[in-house]
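# Tertiary structure, described
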2 protein chains.
Amino acid sequence: MPFDKQTGRVACIGAGVIGGGWAAHFLAKGFDVVVWDPHPDAEGALRRLLKLAWPALEELGLAAEASPDRLSFAASLKEAVAAVDFVQESAPERLELKQRLLAELATETPANVVIASSTSGFSITEMARSTHDASRLVVGHPFNPPYLIPLVEVVGGERSETWAVERACAFYQAAGKSVIRLERELPGFIGNRLQDAIWREALHMVAAGEATVEQIDQAIVDGPGLRWALMGPCLTFHLAGGEGGMAHMLDHFGPSLKEPWTRLEAPELTPALRNAMVEGCTQEAASRTIGDLVRERDRGLVAILKALRAGRAGGARATSQTG
Amino acid sequence: MPFDKQTGRVACIGAGVIGGGWAAHFLAKGFDVVVWDPHPDAEGALRRLLKLAWPALEELGLAAEASPDRLSFAASLKEAVAAVDFVQESAPERLELKQRLLAELATETPANVVIASSTSGFSITEMARSTHDASRLVVGHPFNPPYLIPLVEVVGGERSETWAVERACAFYQAAGKSVIRLERELPGFIGNRLQDAIWREALHMVAAGEATVEQIDQAIVDGPGLRWALMGPCLTFHLAGGEGGMAHMLDHFGPSLKEPWTRLEAPELTPALRNAMVEGCTQEAASRTIGDLVRERDRGLVAILKALRAGRAGGARATSQTG
């Protein structure tokens, strides 16, 4: 059952920063969007968000049929989900609120509509506790702002059915997202776990007087952050191994994992872990040689640096040079 | 004593991936570069690296007087540093080798020449043990490739003099780098500490079967990595707090620091740490409101996404979409 953008209709339940960002994204991709949010200023806030986001979305390219006029507001949850193909729940991060809301959403929607929660903190298993039919409940966790950051992490809970997880993935792909499907529930999913590791190290460094907030941000923005917009930490280190790639990296620099470089203790570099890293990089690199990847990285970095420089000339850029 | 690019002459001692990358950078910035590397294929390898890097450097804009012809090779270390203003040492990461090399460099250079080591692992204090005059030895730690990633971390050791650290900072700034000056020696400096936190979490996740290499890279590249090319983790979370910024973020989401989201234990969120984070963000944001920063972020993300998309059309992009 593929999603048809011409007739696709999505309900956004909750229209704060995340829910409103989802609404902007779905509108730009040519969906009808119906919003329900009990906050008295919800409509005003969403219209302001849309006004801010739309020029960016136009610049990136709207779907042919996209229009902010395809946004509507429902007076009740029941009305919002009366005739939609997909529900995106982005209520405040309070467990009992989400439990109540998801139970109501499951009751008010037909048995083929998938309900995805934007939660960043709860598992769908615990959020679905009060829901009679939990088969269609999944997590669809975005990054902020959902209309510009492609990632969405999809995972089902103990009672979610496979077809619902697959349908959520198909829907998000049709909506132009970069989808990661997790095989099992994991606190923090993948992106937040990685992001949180860096955030906790940053907090430790400030607490210990080892670096300032500004130095931490400058170190990332002018350093590894530039590479990470292009290649993740694994492929980045695949290149650090020269022609030998990740295998050379781990075999020669593995011992330095034991250096006290961060507060996070390194795992034992077992042969199984070593091979998983090497095979993962080989698979990700596909037919690209190290030389291909280096050229690709450099081409990408030049493009990013030029884009940032153009932005800076217009008054942008987060960090200043400090001596 | 400001650096004059018209007459500036830099010695690169060691011309592997990092030393050769430094040579490419200094050449593009209009310096004369003299290289010494005892490896029999050093000159060939550096010429290949330059051939690969030069088009990228041309595209970013060369200094008026820049030319690959301003590269020369010395037959000995002594000859290489005979008449230079600055020495960049990028020998293999072996302590006794670096100790011997830095001692020789200090002997062979006049008392006003600063010698910077590219080391990522050793402190200048331990590397300077065998050096009679350690006053001019500093760390100048780049990120790979040094000709595209702006960051350089500068720090002195126990015997380094302040003027040498300041002169290294001034030199790197004249050479177009983004300089972070650390107040004290710190294993891993700042960038590698942060990068290592994410790398160790990634290794743990693969070891535990929680994520694949490809999922980890996709999560970063299509998620927080895009933001980090623009704004570091602190300013990113400053925006996550809405109009209340970092203060709201920490006061309301602080408790979630105790969630078991990564293997790295969070520090106690003391009032002092809370205030350091808030004041750091306020200082970094300078006169920019949250609204200004959101607009800046979105403008930057659009530029980066367009740049990456253009690259992808040409065959680039590190990750594929997976469902």
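Residues numbered from 1 in each chain as written. Chains lettered and ligands numbered in written order. Predicted model: local features only at pLDDT ≥ 70, side-chain atom pairs only at ≥ 80, totals over all residues.

### Describing the sheet that holds strand β5 (residues 114-117) of chain B
Strands in a sheet are paired, the pairing made by backbone hydrogen bonds, and the direction either parallel or antiparallel. All names here are of chain B. Taken together, eight strands build an open sheet; the order of strands is β3-β2-β1-β4-β5-β6-β7-β8 and the sheet is mixed. Each end of this open sheet is capped by a strand with a single partner; those strands are β3 (71-73) and β8 (178-181). Each strand axis lies, on average, 25° off the axis of its neighbour in the sheet, ignoring direction. Sheet analysis places β5 next to strand β6 (residues 137-142), joined by three bridges and oriented parallel. Note that in β6 the partner of S117 across the bridge is V139. Together, β1 (9-13), β4 (86-89), β5 and β6 form the strand contacts of helix α4 (residues 95-108), whose direction differs from that of β5 by roughly 165°. (Pairing = 2+ DSSP bridges. Helix = DSSP H or I, 4+ residues; strand = E, 2+ residues; numbered from the N terminus. Axes fitted to C-alpha atoms, helices over the stretch in contact; angles between N-to-C directions. Contact = placed C-beta atoms within 7 Å.)

### Things to note about the domain arrangement of chain A
Considered domain by domain, chain A is made up of domain 1 (9-181) and domain 2 (223-313). In this structure, domain 1 of chain A and domain 2 of chain A have C-alpha centres spaced 34 Å apart. (Domains from an automatic or database assignment.)

### Regarding the interface of chain B and chain A
At the junction of the two partners, chain B supplies 102 residues and chain A supplies 102 residues. In terms of residues, the side of chain B that touches chain A owes the most to one element, helix α7 (residues 191-207) of chain B, which gives 17 residues. When the residues that make up the side of chain B that touches chain A are grouped by side-chain class, the tally is 60 nonpolar, 24 polar and 18 charged. (Nonpolar A, V, L, I, M, F, W, Y, C, P; charged D, E, K, R; others polar.)

### Things to note about the pairing of β8(B)
All names here are of chain B. Bridge count for strand β7 (residues 151-156) against β8 is four bridges, and the pairing is parallel. Each residue of the ladder has a partner; that of E153, found in β8, is I180. The parallel pair β7 and β8, bridged by helix α6 (residues 162-174), forms a crossover whose chirality is right-handed. (Right-handed = clockwise from strand over helix to strand, strands pointing away.)

### Describing the relation of the copies chain B and chain A
With an RMSD of 0.0 Å, the operation that places chain B on chain A is a rotation of 180° combined with a shift of 0.0 Å along the axis. Look at the turn and shift together and you get a two-fold axis relating the two. Most of the interface of chain B is mirrored in chain A, where 100% of its interface residues again form contacts. (Least-squares fit on C-alpha atoms with pLDDT ≥ 70 in both.)

### Digging into unusual backbone geometry
Residue A:N144 is joined to A:P145 through a cis peptide bond whose omega torsion reads -5°. Structurally, A:P145 can be placed in the loop between β6 (137-142) and β7 (151-156). For A:F189, which is not glycine, the phi dihedral falls at a positive 50°. Despite not being glycine, B:A286 shows a phi value in the positive range, around 50°. By secondary structure assignment, the location of B:A286 is in the loop between α12 (271-285) and α13 (290-313). In this structure B:A286 comes out as exposed when scored by C-beta crowding, with 8 C-beta atoms within 10 Å. (Buried ≥ 20, exposed ≤ 12 C-beta atoms within 10 Å, placed from the backbone.)

### Some details on the pairing of strand β2 (residues 32-36) of chain A
Residues and elements named next belong to chain A. Most of β2 sits inside the fold, with five of its five residues counted as buried. In this sheet, β2 lies alongside strand β1 (residues 9-13) in parallel orientation, the contact comprising five bridges. Bridging from a neighbouring strand, A11 pairs with V34 of β2. One crossover worth recording links β1 to the parallel β2 by way of helix α1 (residues 17-28), and it is right-handed. With three bridges connecting them, β2 and strand β3 (residues 71-73) associate as parallel partners. Within β3, the residue paired with V33 across the bridge is L71.

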